[in-house]
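For reference, the chains in residue letters:
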Amino acid sequence: MAYRLWYWPSIQGRGEFVRLPLEAAGIAYTDCARERDEEALVANMGRYGGRGPFAPPYLEIEGGTIAQVANILLYLGERHDLAPARDRHWVNQLQLTVADLVAEVHNVHHPVSVSDYYRDQKPEAARAATTMREERIPKFFTHFEAVAGANPGDWLTGARWSYADISLFQIVEGLRYMVPKRMAAVESDYPGLIALHDRVAALPGIAAYLASERRIPFNQDGIFRHYPELDAA
């Protein structure tokens, strides 16, 4: 039976961190809001009352839901061997670190209020983008580079990829779209991370997904947004 994934139908967003490992592992799923619409998503969230999700993405399973990206991936990792049991909590720890970076990336465009448009907070966004480019990307990437080199094999946890490998791929992809000049300037400082990205991109399930219509292009409504005035080498 296919999983029922609910997320906003017009963006990659946080839902992509769930879609990608499902695609890589060949696990069947239905992208429910893309088959219906946003109204169906909002209505479905309301079905579960106080035990429902705060926000998408979430999976509908066994009459309930599992929400929050790291929580969803922990569940999928256990059920489908997407992270070895001995490293389960370490992989989850890394996924939570990815979530921290994703939140910071989002806040570059909404540094004052998530309820206001980017156009209403441009000066503050410019300052936030400078900090992201010059301080936060190097800080996170230095950690991810160490993580990528901690195992002698090709993958973070051994001879097989985990969902954390897939998430680091998406981080690199997203930042290449968001700040291409900065990424071009710094990628050579993180050869292990970039090599890991390239290995993920070559996985058959990922390569097929990236070439398909199921992969929504990055756009100005998602988490990773490209505003040329916020990018610099």
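Anything mentioned here points back to the structure above.
Fair warning: this is a prediction, and the values are worked out from it, not measured in the lab.

Colleague: Can you tell me about the packing of aromatic side chains, naming the residues and giving the values?
Modeller: Tallying each qualifying case throughout the model produces 7 aromatic pairs. Note on Phe-140 and Phe-144: the rings are 6.2 Å apart at their centroids and 40° apart in plane angle, and the pair reads as tilted. You can see Phe-140 and its partner Phe-144 sitting in helix α6 (residues 122-148), 4 residues apart, about one turn around the helix. By relative accessible area, Phe-140 is classed as buried at 9%.

Colleague: Go over the layout of surface pockets with me, naming the residues and quoting the values.
Modeller: Each pocket or cavity is described by its volume, and for the largest pocket that value is around 1000 Å³. Taken together, 36 residues form the lining of the largest pocket, with Tyr-7, Trp-8, Arg-14, His-106 and Ile-223 sitting closest to its centre. Among the secondary structure elements, those contributing two or more residues to the lining of the largest pocket are α4 (69-80) and α5 (88-109). Counting residues per element, the lining of the largest pocket draws most heavily on α5, which supplies 8 residues. For the lining of the largest pocket, the per-class residue count stands at 21 nonpolar, 9 polar and 6 charged. Forming the walls of the second largest pocket are 13 residues, and the residues nearest its centre are Met-1, Ala-2, Glu-60, Ile-61 and Glu-62. Looking at the lining of the second largest pocket, the elements that each hand over two or more residues are β1 (3-6), β3 (58-61) and α4. Tallied by class, residues from the lining of the second largest pocket come to 6 nonpolar, 2 polar and 5 charged.

Colleague: Could you give an account of the sheet that holds strand β4 (residues 64-67), with specific residues and numbers?
Modeller: In spatial order, the strands read β2-β1-β3-β4; together these 4 strands make up an open sheet with mixed pairing. At either end of the open sheet lies a strand with only one pairing partner, and these are β2 (29-31) and β4. Adjacent strand axes in the sheet meet at a mean angle of 30°, parallel and antiparallel pairs treated alike. Summarising the sheet, β3 and β4 pair through 4 bridges and their orientation is antiparallel. Looking at β4, one finds that Glu-60 is bridged to Thr-65. In the packing of helix α3 (residues 38-45) onto the sheet, contacts are made with β1 and β3, and the angle to β3 comes to roughly 60°. Seen against the sheet, α4 touches β1, β3 and β4 and runs at an angle of roughly 110° to β4.

Colleague: Please provide a residue-by-residue account of α5, values included.
Modeller: The end-to-end C-alpha separation of α5 is 33 Å, in line with the 32 Å expected for 22 residues at 1.5 Å each. For α5, the set of buried residues is Val-91, Asn-92, Leu-94, Gln-95, Thr-97, Val-98, Leu-101, Val-102, Val-105, His-106, Val-108 and His-109. Tucked into the core, α5 has its buried residues touching α1 (16-25), α4, α6 and α7 (163-178).

Colleague: Would you mind going over the nonpolar core in detail, with residue names and values included?
Modeller: Judged by nonpolar contacts, the single largest core of 64 residues is most densely connected at Tyr-3, Leu-76, Phe-141, Phe-144, Ile-171 and Leu-175. When near neighbours in sequence (up to four residues on either side) are disregarded, Leu-76 contacts Tyr-3, Val-18, Leu-22, Leu-59, Asp-81 and Leu-82. Residues Trp-6, Cys-32, Ala-33 and Ala-67 belong to the second largest nonpolar core, which totals 8 residues.

Colleague: Can you explain the pairing of β3? Please cite residues and give values.
Modeller: Along β3, one buried face is formed by Tyr-58 and Glu-60 and the opposite face, lined by Leu-59 and Ile-61, is buried too. One ladder, built from 3 bridges, connects β1 with β3; its direction is antiparallel. Residue pairing in the sheet places Leu-5 in a bridge with Leu-59 of β3.

Colleague: An account of the packing of α4 against α5 is needed here, citing residue identities and associated values.
Modeller: In contact at an axis separation of 9 Å, α4 and α5 are set at 155° when each is read in the N-to-C sense. Relative to α5, α4 is oriented roughly antiparallel. Classified by chirality, the crossing of α5 by α4 is right-handed. Along the contact surface, α4 presents Val-69, Ala-70, Leu-73, Leu-74 and Glu-78, while α5 presents Arg-88, Asn-92, Gln-95 and Leu-96. The residue makeup of the contact of α4 with α5, split by class, is 5 nonpolar, 2 polar and 2 charged.

Cut-offs applied
Residues numbered from 1 in each chain as written. Predicted model: local features only at pLDDT ≥ 70, side-chain atom pairs only at ≥ 80, totals over all residues. Heavy atoms only, no water. Phe/Tyr/Trp six-rings, centres within 6.5 Å; stacked < 30°, edge-to-face > 60°. Helix = DSSP H or I, 4+ residues; strand = E, 2+ residues; numbered from the N terminus. Buried < 20%, exposed > 50% of the residue type's maximum accessible area, 1.4 Å probe, protein only. 1 Å grid on protein atoms, 1.4 Å probe; cavity = no way out; pocket = protein on both sides within 12 Å on 5 of 7 lines; lining within 4 Å. Points joined across faces, edges and corners; volume = space filled by probe spheres on them. Nonpolar A, V, L, I, M, F, W, Y, C, P; charged D, E, K, R; others polar. Pairing = 2+ DSSP bridges. Axes fitted to C-alpha atoms, helices over the stretch in contact; angles between N-to-C directions. Contact = heavy atoms within 4.5 Å. Expected span 1.5 Å × (residues − 1). Core = buried A, V, L, I, M, F, W, Y, C linked by side-chain atoms within 4.5 Å. Parallel < 35°, antiparallel > 145°, perpendicular 65-115°, else oblique. Left-handed = near helix turned anticlockwise from the far one by under 90°.

None of the figures reported here should be taken as evidence of function without further support.
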